[in-house]
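# Structural overview
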Amino acid sequence: KNEVEQSPQNLTAQEGEFITINCSYSVGISALHWLQQHPGGGIVSLFMLSSGKKKHGRLIATINIQEKHSSLHITASHPRDSAVYICAVILLGGSGGSNYKLTFGKGTLLTVNP
Amino acid sequence: DTGVSQDPRHKITKRGQNVTFRCDPISEHNRLYWYRQTLGQGPEFLTYFQNEAQLEKSRLLSDRFSAERPKGSFSTLEIQRTEQGDSAMYLCASSLPRQQFFGPGTRLTVL
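Cut-offs applied
- Residues numbered from 1 in each chain as written.
- Chains lettered and ligands numbered in written order.
- Predicted model: local features only at pLDDT ≥ 70, side-chain atom pairs only at ≥ 80, totals over all residues.
- Heavy atoms only, no water.
- Helix = DSSP H or I, 4+ residues; strand = E, 2+ residues; numbered from the N terminus.
- Disulfide = S-S within 2.5 Å.
- Buried < 20%, exposed > 50% of the residue type's maximum accessible area, 1.4 Å probe, protein only.
- Contact = heavy atoms within 4.5 Å.
- pLDDT = per-residue confidence, 0-100.
- Polar contact = N/O pair within 3.5 Å; in protein donor to acceptor, adjacent residues only side chain to side chain.
- Core = buried A, V, L, I, M, F, W, Y, C linked by side-chain atoms within 4.5 Å.
- Pairing = 2+ DSSP bridges.

Our focus in this paragraph is unusual backbone geometry. Backbone geometry follows two general trends: most residues other than glycine have a negative phi, and most peptide bonds adopt the trans configuration. P8 of chain A follows S7 of chain A through a cis peptide bond whose omega is -10°. Following D7 of chain B, the chain continues to P8 of chain B via a peptide bond in cis, the omega torsion being -5°. Structurally, P8 of chain B is set in the loop between β1 (5-7) and β2 (10-13).

Put into structure tokens, the structure is as follows:
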């Protein structure tokens, strides 16, 4: 079983719809990232969370540390939001010291149709 | 553009050949990571540098793989005697300290 699980794996929406992508993890973490990957490979960091909620434009990310769960919401979705969204965590303790390596989920492929 | 660059962006090679990739991180970042991503999967950690010191290597990094960061700035990842299973996207990220900035990746195809 992967340490980081995302759902759904694929999501198709119509422009304007409210979208939720979920991430569950099974280990202690010090932080969680939501990342966006467009075709061609480049990855952009959207949020880094260790508690609560963050908002940037139409994107909202929440995390519940006790339930080991995070969600990424997109309001008023647009075709340009089509991408793979990846949840990644920094494990608590991990290798120790200063290595903040990421452990990734498999990603959610979002397609927003006009 | 995140400020992290990778070269080349694409590499096609024949099985058994050696390949080398380069990553130029954001200049003030002392931490540098290499990850590998196969089709349909999330990236997986390969190795980590703090300045010029390679502090951790994944068990995914067989002895055919070697990485360096000679002056604590750019880094290279070399794969010797490539195999078809090495075909993947190789991603570099730099950070200061926890938020990581990713390069565009090098897509390797081994024929």
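This brings us to the state of the cysteines. The final tally for this structure, using the stated rule, is 2 disulfides over all chains. Here C23 of chain A pairs with C87 of chain A through a disulfide, and the sulfurs are 2.0 Å apart. With the S-S bond torsion at -60°, the cross-link from C23 of chain A to C87 of chain A turns out left-handed. Of this pair, C23 of chain A sits in strand β3 (residues 19-25) while C87 of chain A sits in strand β9 (residues 83-91); the two residues are 64 residues apart in sequence, bridging distant segments of the chain. Accessibility classification places C23 of chain A together with C87 of chain A in one group, the buried group. Two residues share a disulfide in this structure: C23 of chain B and C92 of chain B, whose sulfurs sit 1.8 Å from each other. One quick way to see it: the torsion about the S-S bond of C23 of chain B and C92 of chain B is about -60°, and its sign makes the bridge left-handed. In this pair, C23 of chain B is assigned in strand β3 (residues 19-24) and C92 of chain B in strand β9 (residues 88-95), connecting sequence segments 69 residues apart. Just as C23 of chain B is buried, C92 of chain B falls in that class too.

Position of R9 of chain B among the secondary structure elements: in the loop between β1 and β2. Taking C-alpha positions, R9 of chain B is 17 Å from S94 of chain B, a pair spaced 85 residues apart along the chain. Once residues within four sequence positions are removed from consideration, R9 of chain B is found in contact with G40 of chain A together with P104, G105, T106 and R107 of chain B.

Here we take up the confidence of the model for chain A. Here chain A averages 91 in pLDDT, while 94% of its residues score no lower than 70. Of all helices and strands in chain A, the one with the weakest mean pLDDT is strand β5 (residues 43-49) of chain A (92), whereas strand β8 (residues 69-74) of chain A scores best (98).

On to the side chain of S75 of chain B, then. Residues and elements named next belong to chain B. On the secondary structure map, S75 appears in strand β8 (residues 75-79). At 3.0 Å, the side chain of S75 and the side chain of W34 are in polar contact. The contact partners of S75, leaving out residues within four places of it in the chain, are F21, R22, C23, L32, W34, F49, E68 and R69.

The nonpolar side chains of a soluble globular protein tend to be buried with one another. Core analysis: the largest hydrophobic core is formed by 23 residues, its most contacted members being L32, W34 and Y85 of chain A. Listed by contribution, the elements that provide at least two residues to this core are β3, β4 (29-37), β5, β7 (59-64), β8, β9 and β11 (108-113) of chain A. Once you skip the residues sitting within four places of it in the chain, Y85 of chain A turns out to touch Q6, I21, L35, Q36, L46, L72, I74, G107, T108 and L110 of chain A. One finds W34, L46, F49 and L61 of chain B within the second-largest nonpolar core, a separate group that totals 19 residues.

This part is about the pairing of β4 of chain A. Residues and elements named next belong to chain A. Extensive coverage of β4 is indicated by the burial of 8 of its 9 residues. Bridging between β4 and β5 involves 6 bridges; their strand directions are antiparallel. What sits directly across from L32, in β5, is L49. Where β4 hands over to β5, the hairpin turn is made up of 5 residues, of which G40 adopts a positive phi near 105°.

Residue and element names in this part refer to chain B. Following the sequence through the fold, R31 ends up in strand β4 (residues 31-37). For R31, a relative accessible area of 9% puts it in the buried group. On a C-alpha basis, the gap between R31 and Q54 in space is 9.9 Å, while along the polypeptide they are 23 residues apart. A polar atom in the side chain of R31 sits 3.4 Å from the side chain of N30.

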